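A closer look at the structure
Each chain, written out:
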Amino acid sequence: MAIREDAAASGPRAGFKDIVVRPATAAIRQLASGLGSALSALFVLLWLAVTVVTGPIGVGLLMAPAVLRALHALAGRERDRLGRWGPEVVAPEPPPTQLRLALVDPTTRRELRWLVRHATLGFLLGVLGVLLPISALRDGTFPLWWRFAPEEVATTSLGLGNVQSWPAAVAVGLLGLGWTAIILGLTPGMARLQARPGRRLLVAGPETDLSLRVAELTATRAAALDAHATELRRIERSLHDGTQNRLVSVTILLGAARRMVARDLAGADEVLERAHSTAEQALAELRAVARGILPPVLADRGLTGALSGLAANCPVPCRIDVDVPERCAASVEATAYFVVAEALTNIAKHSGADHATVMARSRGGRLHLCVEDDGRGGADEDGGSGLTGIRRRIAAHDGNLSLTSPSGGPTTLEVDLPCGS
């Protein structure tokens, strides 16, 4: 009976956390990320205003292409940001950067309307999304520290009067609870309001032909399924041709040793030694297969530790530079690990390089990888099963791959992956 009562008591708390607290926390993070893009939008808007004002004297005409490129790049980053917090914002065809074509381009006009709204309303909502948690934390904890603070600091977050008594300090603490209630109740709606112009104005318009995007996603899905089937066949072949055969050998050797115990103890001991050695080889192969499915080092040490291990085990001296402050999705980390592992294997086998470099960066919800060597070059992106496997893994995440390998080197493999897919 007590167990049922405890479970019933914990149900509402879990429901409140899932229904109220988590959406509010996600909304604050979304508003904060929107504040960053709104600051960029404000800069581009000011730049655009300077371009328009200086247009009659010719300076603005020279700056117009650069402003348009900055606008289109910012709109693309906003689509990526909105896609990380909700449904994907399908991008239209690349808009023009020539002033005459941009003036009549519907995509550019929609991006300009979004720019004005995001640099004003989006900026204001982002500021509120950052200040509200700070105010709630400051005022909510005010009764704990107000006696130790200087007189000019012992005020509310609104800066109204100095607190000189415990009743006033408690009132400030209640104000902090009020800020918390506002955060829980209003921030999800504020996040939706901040994102609404981007979702409405940056999406591909009715004039955009989406058939190419549909064909690209269909091809990506087919490549992902094909890569999955290939991986299953590799695992099955490794287990069947390697581990299973060794386990059969262990069984045969153990049977032979059992029959020899009575008549030839020394011979039975030798057969048991062979069975023990074969069992150890089978165990090593099982571990190798398990690492090929999902390396345990990723869960234990993260992507930074996993890539460091790959660099340390590479026959070619390898320098590693990783700056990934937050964990990516497990599938993305596994893909990054296998991409670097395959690239380093290719460098050791085919490049003749003296040095290699692995660099990983996480910025703006994207994971960027760069593997470079000083070898002979001449690698072909369309040739070799290793590069084909890398390309399929990346395509499964809707990522990008770029290979530069002129004859004589150096060879640079660059990969861009979304962190959250």
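Here the structure is a predicted model, which is why all the values come from computation and not from measurement. (Residues numbered from 1 in each chain as written. Predicted model: local features only at pLDDT ≥ 70, side-chain atom pairs only at ≥ 80, totals over all residues. Heavy atoms only, no water.)

1. Here we look at the overall build of the protein chain
A count of helical and extended segments in the protein chain gives 11 helices and 5 strands. Expressed as a percentage of contacts within the protein chain between residues at least 6 apart in sequence, the contacts between residues at least 24 apart total 70%. Entry remark: accessible area of the protein chain is about 23,900 Å², with carbon and sulfur atoms responsible for 62%. (Helix = DSSP H or I, 4+ residues; strand = E, 2+ residues; numbered from the N terminus. Contact = heavy atoms within 4.5 Å. Areas by Shrake-Rupley, 256 points an atom, 1.4 Å probe, with all protein chains shown as cover.)

2. Here's the deal with the nonpolar core
Counting residues in hydrophobic clusters, the biggest one holds 38 residues, and the most contacted among them are Val-340, Leu-344, Leu-367, Leu-369, Val-371, Leu-413 and Val-415. Among the secondary structure elements, those contributing two or more residues to this core are helix 9 (296-313), helix 10 (330-351), strand 2 (356-363), strand 3 (366-373), helix 11 (385-396), strand 4 (400-404) and strand 5 (411-418). Ranked by the residues each element gives to this core, the list is headed by helix 10, at 11 residues. (Core = buried A, V, L, I, M, F, W, Y, C linked by side-chain atoms within 4.5 Å. Buried < 20%, exposed > 50% of the residue type's maximum accessible area, 1.4 Å probe, protein only.)

3. Side note on the UniProt feature "transmembrane region" (unreviewed entry) in the protein chain
The sites that UniProt annotates as "transmembrane region" (unreviewed entry) are residues 31-50, 56-75, 119-137 and 166-186. Summarising residues 31-50: 100% helix, 0% strand, and an end-to-end C-alpha distance of 28 Å. Taken end to end, residues 119-137 has its terminal C-alpha atoms 27 Å apart, with 100% of it in helix and 0% in strand. (UniProt positions renumbered as here; feature names shortened; annotations may be inferred.)

4. As for the packing of helix 4 (residues 106-140) against helix 6 (residues 166-201)
Running from amino to carboxyl end, helix 4 crosses helix 6 at an angle of 165 degrees, the nearest separation of the two axes being 8 Å. The pairing of helix 4 with helix 6 is recorded here as roughly antiparallel in orientation. Classified by chirality, the crossing of helix 6 by helix 4 is left-handed. (Axes fitted to C-alpha atoms, helices over the stretch in contact; angles between N-to-C directions. Parallel < 35°, antiparallel > 145°, perpendicular 65-115°, else oblique. Left-handed = near helix turned anticlockwise from the far one by under 90°.)

5. Remarks on the environment of Leu-298
Among the structural elements, Leu-298 can be located in helix 9. Of the residues examined, Leu-298 reaches a relative accessible area of 4% and is grouped as buried.

6. So, the pairing of strand 1 (residues 318-323)
In the sheet, strand 1 pairs with strand 2 via 6 bridges, with the strands oriented parallel. For Cys-318, the partnering residue across the bridge sits in strand 2 and is Ala-356. (Pairing = 2+ DSSP bridges.)

7. Quick word on a positive patch on the surface
A cluster of basic residues, Arg-113, Arg-117, Arg-192, Arg-196 and Arg-200, forms a positive patch on the protein surface. If you list the elements that add at least two residues to the positive patch, you get helix 4 and helix 6. Note on placement: Arg-192 falls in helix 6. (Patch = residues over 30% accessible without salt bridge, like charges linked within 9 Å, V, L, I, M, F, W, Y side chains within 5 Å. Salt bridge = Lys/Arg side-chain N within 4 Å of Asp/Glu carboxyl O. Lys, Arg positive; Asp, Glu negative; His and termini not counted. Charge placed at Lys NZ, Arg CZ, Asp CG, Glu CD.)

8. Observations concerning the packing of aromatic side chains
By the definition in use, this model includes 2 aromatic pairs. Pairing Phe-43 with Trp-47 gives two aromatic rings, centres 6.1 Å apart and planes at 45 degrees, and the pair type is tilted. Taken together, the residues span about one helical turn, with Phe-43 and Trp-47 both in helix 1 (residues 2-53) at a distance of 4 residues. Looking at Phe-43, the relative accessible area reads 53%, which means it is exposed. Aromatic side chains Tyr-337 and Phe-338 sit 5.7 Å apart centroid to centroid with 80 degrees between the ring planes, which places their arrangement in the edge-to-face category. We note that Tyr-337, like Phe-338, is buried. (Phe/Tyr/Trp six-rings, centres within 6.5 Å; stacked < 30°, edge-to-face > 60°.)

9. Remarks on the pairing of strand 5
In terms of residue burial, strand 5 counts as a mostly covered element, since 7 of its 8 residues are buried. As paired elements, strand 3 and strand 5 share 8 bridges and run antiparallel to each other. Counterpart to Glu-372 in the pairing with strand 5 is Thr-412. Bridging between strand 4 and strand 5 involves 5 bridges; their strand directions are antiparallel. Bridge assignment links Leu-403 to a residue of strand 5, and that residue is Leu-413. Taking the residues between adjacent antiparallel strands as the criterion, strand 4 and strand 5 are bridged by 6 residues, where Gly-408 takes a positive phi near 95 degrees.

10. Quick notes on the pattern of salt bridges
Taken as a whole and judged by the stated rule, the model has 5 salt bridges. Linking Arg-81 and Glu-78 is a salt bridge whose minimum nitrogen-to-oxygen distance equals 2.8 Å. Taken together, the residues Arg-81 and Glu-78, both in helix 2 (residues 59-84) and 3 residues apart, mark about one turn of the helix. For Arg-81, a relative accessible area of 4% gives the class buried. A residue is classified by how much of its surface remains accessible, and Glu-78, at 2% relative accessible area, is buried.

11. Let's talk about the side chain of Asp-416
Assignment of secondary structure puts Asp-416 in strand 5. Not counting residues up to four positions away in its chain, the partners in contact with Asp-416 are Arg-366, Leu-367, His-368, Gly-399 and Asn-400.

12. Focus on the sheet that holds strand 2
Sheet architecture is open: 5 strands sit in the order 1-2-3-5-4, paired in mixed fashion. Edge positions in the sheet fall to strand 1 and strand 4, since each of these pairs with one other strand and no more. The average angle at which neighbouring strand axes cross in this sheet is 10 degrees, direction not considered. Sheet strands touched by helix 10: strand 1, strand 2, strand 3 and strand 5. Its angle to strand 3, the strand with the most contacts, is close to 10 degrees.

13. Regarding helix 6
Taking 1.5 Å per residue as the helical rise, helix 6 with its 36 residues ought to reach 52 Å, and the 52 Å between its terminal C-alpha atoms agrees with that figure. Along helix 6, the largest kink reaches about 45 degrees and is centred on Leu-186; proline Pro-188 follows within four residues of it. (Expected span 1.5 Å × (residues − 1). Bend = angle between axes of the 7 residues up to and from the residue.)

14. Observations concerning a nonpolar patch on the surface
A cluster of nonpolar side chains, namely Leu-61, Leu-99, Leu-103 and Val-104, defines an oily patch on the protein surface of about 380 Å² accessible area. Among the secondary structure elements, Val-104 is positioned in the loop between helix 3 (99-102) and helix 4.

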